[in-house]
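# Summary of structural features
One letter stands for each residue in the lines below.
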Amino acid sequence: MVALTADAATTTARLRDGMEKGVLSFPLTSFTGERGGPGGPALDLPAFRDYLAAQIETGPGALFPACGTGEFFSLDEDEYRQVITASVQEADGRLPVVAGIGYGWAQAARFARIAEEAGADAALVLPHYLVRAPGAGLVAQLRQIATRTRLPLIAYQRDQVTFGVEGVRELAGIPGVIGLKDGHSDLDRLQRLKLAAPEDFLFFNGAATAEVQARQYASIGVTAYSSAVHAFAPEIANAFFAARRDGDDTAVERLLRGFFVPLVELRDRGTGYAVSLVKAAARLRGLPVGPVRAPLTDPGPDDLAALEELLAAGLDLVGATS
């Protein structure tokens, strides 16, 4: 990896420290229950601030607003600016704020400028729109974004984005590109990517329910992960993180069997449940997040009933209340 600027080096160090201390929080974005215009339910900024404050108080390693869980894909630029600004203000320097950016490189660079102006510490580059592309093109896209922002960038491989060994070497050579989030869960391939990268390049587990594969990722030295469960039940997410960190396999197995694996099975019942089920669980906890926006839809009554039962069981496993 090329030498980082002082700001990028500081952000990398803060992220590495945070990743060792807690899960990575990907907060939901709060919307009202009313339609509010052509985009669907309106952004509820006061509720979002309340929700953020509660998330931050639970001690995550970093905050990743306006990413997939935060419905980046349904925010307009003004809403995006408000979400990132509120996140930076609520974090108040206590933990790094990594803003989601995405679509093609031109749009991603525009969102990066907004995030930069709002005071974000770094940006997570979400997969681009629609097309599959060769590795050289994927690297070129990150290069285009990096030349247009001072923010350190984390690449995200999942769906149509897959980096090879040479691609990761090239990524690490782009000034400001500091890491890779993996959502493919191909651990043989990921281990080769990790070995090809400089030691200070960040890697983290970005599987849809990362806890289910946390031990496998840790076996190749990737211990940091994002947690969708933290968005609605930080008590459960933090208990699992502590058990895995401390080598308490009994507690890890208990939480996997009693909560995380059943959650994955429930998530797989519906399209878009990686976000909409998480938001429904947050509403069951009384958190002020509101409904999802199109193209997502809220879960049906049968799945909501199953979710409520599973959530109660998970909270009981860690001695928390609903």
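Before reading on, note that the structure itself is shown above.
In this report, the structure presented in the accompanying data block is examined. (Residues numbered from 1 in each chain as written. Predicted model: local features only at pLDDT ≥ 70, side-chain atom pairs only at ≥ 80, totals over all residues. Heavy atoms only, no water.)

### Side note on the nonpolar core
How we decide: Working definition of a nonpolar core: buried Ala, Val, Leu, Ile, Met, Phe, Trp, Tyr and Cys residues. They are joined through side-chain atoms within 4.5 Å. Exposed residues in this analysis have more than 50% of their type's maximum accessible area, buried residues have under 20%, and partly exposed residues fall in between, with area computed by a 1.4 Å probe over protein chains only. We call two residues contacting when some pair of their heavy atoms lies within 4.5 Å.
One finds Phe64, Tyr80, Ile84, Ile101 and Phe163 to be the most contacted residues of the largest nonpolar core, which totals 70 residues. Discounting residues that sit within four places of it in the chain, Phe163 has contacts with Leu138, Val139, Leu142, Ala155, Gln157, Val168, Leu171, Leu180, Arg189 and Leu193. Among the nonpolar cores identified, the runner-up in size contains 35 residues, and Val229, Phe260, Leu263 and Ala280 belong to it.

### As for helix H5 (residues 135-146)
Convention followed: The way it works is that DSSP assigns letters per residue, a run of H or I at least four long becomes a helix, a run of E at least two long becomes a strand, and they are numbered from the N terminus. Take the number of residues in a helix, subtract one, and multiply by 1.5 Å to get its expected span. Working definition: the arc comes from the directions between the helix axis and the C-beta atoms, pointing outward to the latter.
The end-to-end C-alpha distance of H5, which contains 12 residues, comes to 17 Å, matching closely the 16 Å that a straight helix rising 1.5 Å per residue would cover. Turning to H5, its buried residues are Leu138, Val139, Gln141, Leu142, Ile145 and Ala146. Seen from one end, H5 has its buried residues packed into an arc of 155°, which puts them on one side. Here the buried face of H5 lies against strand E3 (98-101), helix H4 (105-118), strand E4 (122-125), strand E5 (153-157), helix H6 (165-172) and strand E6 (177-182).

### Focus: the sheet that holds E5
Here is the rule: Paired strands are those between which DSSP finds at least two bridges. For helices, the fitted axis covers only the stretch in contact; all axes are lines through C-alpha atoms, and the angles between them, taken along N-to-C directions, range from 0 to 180 degrees.
Read across the sheet, five strands follow the order E3-E4-E5-E6-E7 without closing on themselves; strand pairing throughout is parallel. Two strands close off the open sheet at either side, each with one partner strand: E3 and strand E7 (202-205). Geometrically, the sheet is characterised by an average inter-axis angle of 25° between neighbouring strands, direction not taken into account. Relative to E7, E6 runs parallel, the two sharing four bridges. Bridging across to E7, Leu180 finds its partner in Phe203. Along the sheet, helix H7 (residues 187-196) contacts E5, E6 and E7; its crossing angle with E7, the most-contacted strand, is approximately 165°.

### Description of the environment of Phe201
Relative to the helices and strands, Phe201 resides in the loop between H7 and E7. The exposure class assigned to Phe201 is buried, which follows from its relative accessible area of 3%. Taking the C-alpha atoms as reference points, Phe201 and Ser74, 127 residues apart in sequence, are found 31 Å from one another.

### Considering empty space enclosed by the protein
Counted only if it meets this: Only protein atoms enter the 1 Å grid used here, on which a cavity is any set of points holding a 1.4 Å probe that cannot leave and a pocket is any open set flanked by protein within 12 Å on both sides along at least five of seven lines; residues with an atom within 4 Å of a point are listed as lining. Grid points are joined across faces, edges and corners, and a volume is the space filled by probe spheres set on the points. Each residue is assigned to one of three groups, with Ala, Val, Leu, Ile, Met, Phe, Trp, Tyr, Cys and Pro labelled nonpolar, Asp, Glu, Lys and Arg labelled charged, and all others, Gly among them, labelled polar.
Inspection of every chain in the model, using the stated rule, returns one cavity of 30 Å³ or more. One number sums up the size of the largest cavity: a volume of about 70 Å³. Every residue along the wall of the largest cavity is listed here: Val125, Leu126, Pro127, His128, Leu138, Gln141, Leu142, Tyr156, Val161 and Phe163. Examining the composition of the lining of the largest cavity, we find that three residues originate from one element, H5, more than from any other. Of the residues assigned to the lining of the largest cavity, the class counts are eight nonpolar, two polar and no charged.

Don't take any of this as a statement about function, it's just geometry.
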